[in-house]
Every structure is written in structure tokens, then in C-alpha cells.
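# Working through the structure, step by step
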Amino acid sequence: MLGFAPLCVSAWLLLALPVSRTSALNESVDVLVLLPQNDSYIFSVSRVSPALEYARRRLSAGPFAGLNFTLRYVNSNCGMEALFALVDVARDERPDLIMGPVCEYAAAPVVRVASHWNIPVISAGALASGFSHKQPEYALLTRIAPSYLKMAETFAAMFAHFGWSNAHLIYHDDKDERNCFFTMEGVHILLDGHYDTTAFSVDPKDDKAAHSDDIFKIMLSYQVVIMCLHADVVREVMLMAYRRGLTNSNRLFFNIELFNSSSYGDGSWRRGDKNDYEAKAAYAFLNTVTLMRSTKVEFEDFSLEMRRSQQKTSADVCEGCNDINMFMEGFHDALLLYALALDDAVKSGHSKRNGTEISRRMWNRTFEGIAGQVSVDANGDRNGDFSVISMTNHETGTYETVLNYFGTNGSFQIMPGFNSERFILQGSPKSTTPEHTNKSSGGLGLSAATGIIVGGLLGTALLLAFYFFRKNYRITIERRTRREPCDGKHRQLREDSIRSNFSAA
């Protein structure tokens, strides 16, 4: 039985690739893989390398048997070490292809240099919005995992479909890798200007941050609350919102979970503590946006192989690290995509050294990946399919997918557990400004009240004339001041968005 297993795997590898496509390609490709060796990252070398090796075996057993990939794994960490590694390798000979880095601040300088050297870069990371602007700095970057902007399209589509009007964004900002900052930046970019949005950053080192009155005061005026926080902090925020009466039919809560990582709230309310009962009640109003799970048989085989590899390395140093995540899937598909593009480029008379032509053939392309169809848009960014998961059984506190969003065509798939009443808000949130039920003039006589009103109007007219006469831009400043609770945070996001374009990286 043990001897039969390798035969089964080999047979599947042959069948999994398109049999109608044959290639006479006979090339040796030098691949520089820039990933952290630190296993606290869910995209470390020990976790991603089995996926790349799996893809290499798959290609060599199929129509691309003439392709010989040499994979060189170099520690990138999440900083300038990645650039130094590229420069050190290039002193002898420049690689034909770069895989990674994942972290934004590591990827930015590497992609700049690689684009200058005409070397294609494929990464399952570099997901920040700044990388969407490919020319001129990131001209040869192909992103094989859906970016934060692609994820944000799910929210933009829901806002348009369900008629929501505003959003309160809450996110962790560690000032280091800044995953949640970049995640919310994508959401903010797509919603801002169309809907009233405000953003609130939370220091992950502050244990009491989830209890900040400011979070909940702002929340009072918003219909939709979108969070990118550690799982325990998501729970704390939901508990506090529940106790303050903010979990009701007037408000929706979302948390974003993309990587199967403990850095993101995973929708789990159960902790085995005294707060479980309240937490379950609060989480009835919480929805989770995550990547759509694949049900493809080949993906199940891939997942089993990845888990076996993880068990051999004993790299489980963080919660959820050994789950099959989008980085494993993405880098596997990256090698397939490159093989397809290289084959097309060589048939058109170009060499493996022409990174521009190879990258052009990776973009605006659809192919069959390990988990299903992969669609890369004309800008070199993968389209994403996302799911919305909600609690469907309030007694047991269990979840299921209620809505799927397909990024390629912007469509929704309504699942059997979907409850429209949950997503169509019953009314606007209560304003923090109390309404005055007494519409009289506060006990003043009619003539006195009229005099005050007329005098006030005349004074206002004189003041307006004075300000218009001096400097017209002061009115703009005043308007900004009135919106400061909302736009002040937005300006912080926008200013850092400039840095997220990595002009200083």
C-alpha cells in the first residue's frame, strides 16, 4: 500500500495539468525565493517551500517536463535583508525569476530593482494598495494572491447592493509590518468619497484599547463597523458593543480574516470563560469576510501533502500557523503561471531573460490553479473570490457561509443560510446629539424671539461678507474643522498611503 501511494500522486500530477497543451520548452530557470526563515511567519520558507516543490514536481511530470527549475531559498525577513540578498546573488549572476518577498516594506525595494533589471517578480504578498500603481517602479510585479483592494471590492459591492451609507473602520497598527493598516487602507480607498467613513487605529500593545470610549462614541453614528484586529480584541470590542446596546438591527459588524492567522479575528467567540454567553450573543451580529474556500479534489490532496510536510518540519510556533493558507496556494500557482508565460514568450521568439515580455504574458490571463480557476487582471493583480461567514444557529453559535463574492465579474452568490433581514438595516443609527422635543422659543415671547433671529441673521451676513472679503480658503478650513472627527483620521490614512507607495522604503 505504501509503494502504491507515489504512483497515485504521479498519476494525479499527470492528469491535473491540461493534456491538450504540450511544450517543447527546454530551459533551466534560476529562481530566487525571498521568504523569512523565521517560522513565526505563516509564509516562512519551511511552510511555503513544500508548495513550490509540489508545483515543480507537477510541472516536471506534465507537459513542461523540459523546464528545469532551480529554487534558491534566501532569508528575506521583512526588511532590507531582502534587497541585500538580491544584490548579493546578482553579483555572480542575476536570477531569471524572483518569488516573493511577501512583506510590503521588504518587497518594495526588491521589486524596484528587479523591474530595473528586467527580472519578473511574482509574489503572494505585496498586497498593499501602493503596488497597484505598477508604472514605473513596480512594472514587473505580478501578484498571485488577491490584494487588499481586491478584498475591499467585496465591501464596496455590498454597500452598493444593500444600500448602506457609512462605515466605522477599526484596525490594529503595529507600525511594523502594518498588515491591518494596509488592509483597511484598501477598504478606505474604495469607500471614501462614496460613503461617509471614519477610521480609528488601535495600538496592539495597549491591552485596554478595546475599552476606549472613543471607539463606541463614534460607533453610535455609523451603520457598518469593519474591524481588522487580533481575535481577542475583536471579542473584546464585540462584548463592549453588546453591553452598550450597540448590537442591534440598526448596525452591522464585520471582521476581516484573510490569512488563517491569529493576527486576524477568526470569528470565534468561545473561550471557556464567564463571558462566553454574552460573547455568543454579541457574535450573532458579527460577520467575517475571508477568502473563499476551495472544494476542489486536487486541493484536498495538496492540503494533505502540505500538512505532512509541516509535521516533518515541526514548525508550529504560532497559533494557526500550520493551516493551509493563501501563501502556500499562491506560490504554488505562481510557478505554473510562470511556466505558461515563459512557454508563450519563447514561442514568440523571446528569451527567458526578457522579463517584460514574460510578465506581459502573465497578465490578463486565466488558468487552472491548485484550488480552482485563477484570473490575473490586465494590471497583473489576481482577482479574488471572497466569502461572508455569519452565525446561522444562535443557540449553538455555529457559522456558515451566507454570501460569496466573485471578483472577476463582481457578482454575488446567495447561499441557503443567507438572511436578508440581517443585511438590510432597519433604520439609521441614533445620533449622538439629542433631539429637542420642545419646539417653542424656550419661553421667550414671539417678538423677542423674532428679534433675536433677525439680529442673528444680520450678524451672520456681515461676518460672512468679511470672511469672503479676506481669504476665501478660510471657509474650506472651517468645513474641514466641522468634519474633523471623520476626516482627521482619513488624512492620517492618506498621508500614510503616500508612504505605503514606498517612496521612502
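The paragraphs below set out a description of the structure included in this document. The structure presented is a predicted model; accordingly, all values stated were derived computationally and were not measured.

This brings us to the packing of aromatic side chains. In the structure shown here, the tally under the stated rule is 20 aromatic pairs. Ring centres 5.8 Å apart and planes at 55 degrees place the aromatic pair Y105 and F182 in the tilted group. Taken as a pair, Y105 in helix α4 (residues 104-116) and F182 in helix α6 (residues 179-191) lie far apart in primary sequence, 77 residues in all. Judged by its relative accessible area of 0%, F182 falls in the buried class. Aromatic pair F181 and F182: ring centres 5.4 Å apart, planes at 75 degrees, arrangement edge-to-face. Three or more aromatic residues joined by ring pairs make a cluster, and in this case those are F155, F159, F162, W164, Y195, F254, F418 and F423. Between K134 and the ring centre of W363, over which it is positioned, the NZ or CZ distance is 4.6 Å. The ring of F181 has R178 lying over it, and the distance from NZ or CZ to the ring centre is 4.2 Å.

Once that is clear, we can look at the state of the cysteines. Scanning the entire structure with this criterion turns up 2 disulfides. Bridging C78 to C103, the disulfide has an S-S length of 1.6 Å. Of the two residues, C78 sits in the loop between β2 (67-75) and α3 (81-90) while C103 sits in the loop between β3 (97-99) and α4, which places them 25 residues apart along the sequence. For C78, a relative accessible area of 17% corresponds to the buried category. Paired through a disulfide, C180 and C228 show a sulfur-sulfur distance of 2.2 Å. Between C180 and C228 the sulfur-sulfur dihedral comes to about -75 degrees; the bridge is accordingly left-handed. Of the two residues, C180 sits in helix α6 while C228 sits in strand β8 (residues 224-228), which places them 48 residues apart along the sequence. According to the relative accessible area criterion, C228 is buried, its value standing at 0%.

What counts and how
Residues numbered from 1 in each chain as written. Predicted model: local features only at pLDDT ≥ 70, side-chain atom pairs only at ≥ 80, totals over all residues. Heavy atoms only, no water. Phe/Tyr/Trp six-rings, centres within 6.5 Å; stacked < 30°, edge-to-face > 60°. Helix = DSSP H or I, 4+ residues; strand = E, 2+ residues; numbered from the N terminus. Buried < 20%, exposed > 50% of the residue type's maximum accessible area, 1.4 Å probe, protein only. Lys NZ or Arg CZ within 6 Å of the ring centre and 35° of its normal. Disulfide = S-S within 2.5 Å.

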